[in-house]
Amino acid sequence: MEIERKFTIKELPADLDRYPVKDLQQAYMNTDPVIRIRKEDDNYYMTYKGRGMLAREEYNLPLNEESYDHLLPKCDGNVISKKRYLIPFGNYTIELDVFDAPFAPLIIAEVEFGTKEEAESFTPPAWFLEDVTYNKEYHNSNLSRKAFD
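What you see is a predicted model, and the numbers here were worked out from it, not measured in a lab.

Asks: Sorry, what's going on with the environment of Met 46 here?
Replies: Relative to the assigned elements, Met 46 resides in strand E4 (residues 43–49). Once residues within four sequence positions are removed from consideration, Met 46 is found in contact with Met 29, Ile 35, Arg 36, Ile 37, Tyr 59, Asn 60, Leu 61, Leu 63 and Leu 71.

Laid out in structure tokens, this is it:
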């Protein structure tokens, strides 16, 4: 089960370069239900995500590079590339996604929780702006279908 909230941000943390960062590339074979493939540095996954906004089923299966490369051309829509910074915040880790073109300057902060109650009682840091957890426009699966002129 994945339980997470998503936020836009007011500004990037000034010391962003001191946090661990991962290079992510992901594409979608299906968006309802979500079936995604992802390259995370040198690791590869296929993910199934059920329906839901705050909480939903999520299953990750390992892939190898050859399988990822084979599946990538079979995916629909945009391939999403982004840098994910891992920022400690109390008992949580903020996953700050800085998107590459064509989605730049989009930046989304995600925080995962153990329970819905924990997620609902979370007080975000001052540099967060709007809670977009329930806004489908900010789900990567929907971004993958976004048209660009």
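Asks: Is there a simple way to explain the environment of Gly 77 in this structure?
Replies: Mapped onto the secondary structure, Gly 77 falls in strand E7 (residues 76–89). The exposure class assigned to Gly 77 is exposed, which follows from its relative accessible area of 62%. Considering only alpha carbons, one finds Gly 77 and Leu 16, 61 residues apart in sequence, at a separation of 30 Å.

Asks: What's the story with the pairing of strand E2 (residues 21–31) in this structure? I'm lost.
Replies: Every regular strand shows the same layout, with side chains that alternate between the two sheet faces. Note: E2 against E7, 7 bridges, orientation antiparallel. The partner of Val 21 across the bridge, within E7, is Tyr 85. In the sheet, E2 pairs with strand E3 (residues 34–40) via 7 bridges, with the strands oriented antiparallel. Directly across from Tyr 28, in E3, lies its bridge partner Arg 36. Where E2 folds back onto E3 in an antiparallel hairpin, the turn is made up of 2 residues.

Analysis parameters
- Residues numbered from 1 in each chain as written.
- Predicted model: local features only at pLDDT ≥ 70, side-chain atom pairs only at ≥ 80, totals over all residues.
- Heavy atoms only, no water.
- Helix = DSSP H or I, 4+ residues; strand = E, 2+ residues; numbered from the N terminus.
- Contact = heavy atoms within 4.5 Å.
- Buried < 20%, exposed > 50% of the residue type's maximum accessible area, 1.4 Å probe, protein only.
- Pairing = 2+ DSSP bridges.

Remember, this is a structural readout, not a statement about activity or role.
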